[in-house]
Each structure stands twice: as C-alpha cells, then as structure tokens.
Amino acid sequence: QVLLVESGGGLVQAGGSLRLSCAASGRTFGMNGMGWFRQAPGKEREFVAAISWSFGTTYYADSVKGRFTISRDNAENTVTLQMNSLKPEDTAVYYCAARDSNIYAYLSRRSYSYWGQGTQVTVSS
C-alpha cells in the first residue's frame, strides 16, 4: 500500500502561481512514476502532468504546457507541481497519483493504483 498526501492548494488570482506537493510513503519501491490529475465540478478527472521515477521524463496535458512544471525528489519520495500563469479554468480539485504499471500510458488514469485525497485549487478572475 502507498499513502499519498497532497499539500499546497488554495485561492489565487488569475495570473498567479501555486505550488502543489505530494509525499508518498509505504510500499513505494514498486512505483515507476507519479502524476497529477484534476477534476472540476461536473467534469471527469483529467490528466495534468506526470513524471517517470527513474529518468525524470515528464508528460504534460496540452492545456498546461509552458505554465506547469512537474518535478520529483526520489530520495524524499515527493513530487511537486509548480503552477504559473494560472487561469480560472485551472480551478479544480487536484489529485496526486502513484503509478506502478507499464501497461497503460502515463496519461491514463488506469496506469495509477494509488491516489491522494485531493487538494482544492481555485483561480479567481
């Protein structure tokens, strides 16, 4: 079992920045990557960004490319999402997820077995 705890959400004005962090604990040796997803009210959970644990390869949704940056600290088992130039449409609950499968792509929710409790990000216009 892997436990994921997110932090760093909040309220920010459009154009501002927020930094989300996710700390993993437990049986982390099986993880091969971590990702961030988000879910806005009335919408499905969507992929935001992901990073491979071994090589640090990053993946981004087109909607956040150039604005968000994902990074990881292998020694601390943490992943961070730096969000800049935030827009009202970025408002959602953001979820951290741990990947332990190579069957599905990093962008697929099915690739992730463990999920955090979510943290609210609200961007006002």
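Every value quoted in this text rests on a predicted model; they were computed, and no experiment measured them.

The next thing to look at is the environment of Val93. Looking at the secondary structure, you find Val93 in strand β9 (residues 92–99). The class for Val93 is partly exposed, based on a relative accessible area of 21%. In this structure, the C-alpha to C-alpha distance between Val93 and Gln120, residues 27 residues apart in sequence, is 4.3 Å. Residue contacts for Val93: discarding those within four places in its chain leaves Phe37, Arg38, Gln39, Gly118, Thr119 and Gln120.

Moving on, we come to the state of the cysteines. Considering all chains together, one arrives at one disulfide under this definition. Covalently, Cys22 is tied to Cys96 through a disulfide, its sulfur atoms 2.0 Å apart. Between Cys22 and Cys96, the S-S dihedral sits near -80°, and the bridge is therefore left-handed. Placement of Cys22 in strand β3 (residues 18–26) and of Cys96 in strand β9 is noted, with a sequence separation of 74 residues between them. In this structure, Cys22 and Cys96 share a single accessibility class: buried.

Note on placement: Val121 falls in strand β11 (residues 119–124). You can call Val121 buried: its relative accessible area is 0%. Note: C-alpha distance between Val121 and Val79 (42 residues apart in sequence) is 17 Å. Ignoring any residue separated from it by four or fewer positions in sequence, one finds Val121 in contact with Gly9, Gly10, Leu18, Leu20, Met83, Asp90, Thr91, Ala92 and Tyr94.

Turning next to the pattern of salt bridges. This model, assessed by the stated rule, comprises four salt bridges. The shortest N-O distance in the salt bridge between Arg38 and Glu46 comes to 2.6 Å. Overall, the relative accessible area of 6% leaves Arg38 in the buried class. A relative accessible area of 37% places Glu46 in the partly exposed class. Between Arg38 and Asp90 there is a salt bridge, and its shortest N-O distance comes to 2.9 Å. In this pair, Arg38 sits in strand β4 (residues 33–39) while Asp90 sits in the loop between β8 (78–83) and β9, placing the two residues 52 residues apart along the sequence. Comparing Arg38 with Asp90, the two get one shared label, buried. When salt bridges with common partners are traced through the structure, they connect Arg38, Glu46, Arg67 and Asp90 into a single cluster.

Rules used in this analysis
Residues numbered from 1 in each chain as written. Predicted model: local features only at pLDDT ≥ 70, side-chain atom pairs only at ≥ 80, totals over all residues. Heavy atoms only, no water. Helix = DSSP H or I, 4+ residues; strand = E, 2+ residues; numbered from the N terminus. Buried < 20%, exposed > 50% of the residue type's maximum accessible area, 1.4 Å probe, protein only. Contact = heavy atoms within 4.5 Å. Disulfide = S-S within 2.5 Å. Salt bridge = Lys/Arg side-chain N within 4 Å of Asp/Glu carboxyl O.

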